[in-house]
Amino acid sequence: MKSTTLINIGFGNAVVAERVIAVITPMSASGKRLREEAKENNMLIDATHGRKTRAIIIMDSNHVILSAMQPETIANRLKQVKSKHVFSNYLSTIRCRKNNVN
């Protein structure tokens, strides 16, 4: 069974780390366009609690999530999760090889 890891995006909200495609700034032209398209298609989730949008999170389901956290903070959290998964997979591979050799 595959485990899922939740990333806190502020105010008690969380997203599944494995399903995040990108984290971008809302001031970029592509960020503004994505936000508007998601709103029109009912795929926009506002997790800012009325605060200023500082990051736009794009999910693999085409949902667009607005967060009041800095993009760098969210990216660092995703990076930590990814490095833990890579290390965990590495250890699993070593264990499998060790068991097959003996």
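About the thresholds
- Residue numbers restart at each chain and count upward from 1, following the sequence in its written direction.
- For a predicted model such as this one, the threshold for reporting local features is a pLDDT of at least 70, and the threshold for listing and counting side-chain atom pairs is 80 or more; totals across whole chains, interfaces and linings nevertheless cover every residue.
- Where side-chain values are given, they derive from all heavy atoms of the structure, hydrogens and water being excluded.
- Segments assigned H or I by DSSP are reported as helices when at least four residues long, segments assigned E as strands when at least two residues long, and all are numbered from the N terminus.
- Expected helix span is computed as 1.5 Å times (number of residues minus one).
- Paired strands are those between which DSSP finds at least two bridges.
- Convention adopted: a line fitted to C-alpha atoms gives each axis, helices being fitted over their contacting stretch, and angles between N-to-C directions are expressed from 0 to 180 degrees.
- Throughout this description, buried means an accessible area under 20% of the type-specific maximum (1.4 Å probe, protein chains only), exposed means over 50%, and partly exposed covers the range between.

A.B. asks: What should I look at first to understand helix H1 (residues 29–40) in this one?
C.D. replies: Helical geometry: 3.6 residues make up each α-helical turn, so side chains three or four residues apart lie on a common side. The terminal C-alpha atoms of H1, which comprises twelve residues, lie 17 Å apart, in line with the 16 Å expected from a rise of 1.5 Å per residue. Looking at the residues trailing H1, positive phi occurs at Asn42, about 55 degrees.

A.B. asks: Before we go on, may I ask you to explain the sheet that holds strand S5 (residues 55–59) in this structure?
C.D. replies: Pairing between the strands of a sheet comes from backbone hydrogen bonds, and it takes one of two forms, parallel or antiparallel. Pairing is mixed in the open sheet, where four strands are placed in the order S3-S5-S6-S4. The open sheet has two free edges, formed respectively by strand S3 (20–24) and strand S4 (44–46), since each of these has just one partner strand. The sheet shows a mean angle of 20 degrees between the axes of neighbouring strands, direction not considered. Looking at chain direction, S5 and strand S6 (residues 64–67) are connected through four bridges and run antiparallel. Each residue of the ladder has a partner; that of Ala55, found in S6, is Ser67.

A.B. asks: It is not clear to me how unusual backbone geometry should be interpreted in this structure. Could you clarify?
C.D. replies: The phi torsion of most residues other than glycine is negative, and most of the peptide bonds are trans. In the Ramachandran plot, His49 falls in the positive-phi region, its phi being about 55 degrees despite a non-glycine side chain. Mapped onto the elements of the fold, His49 is located in the loop between S4 and S5. Among the residues examined, His49 registers a relative accessible area of 54% and is labelled exposed.

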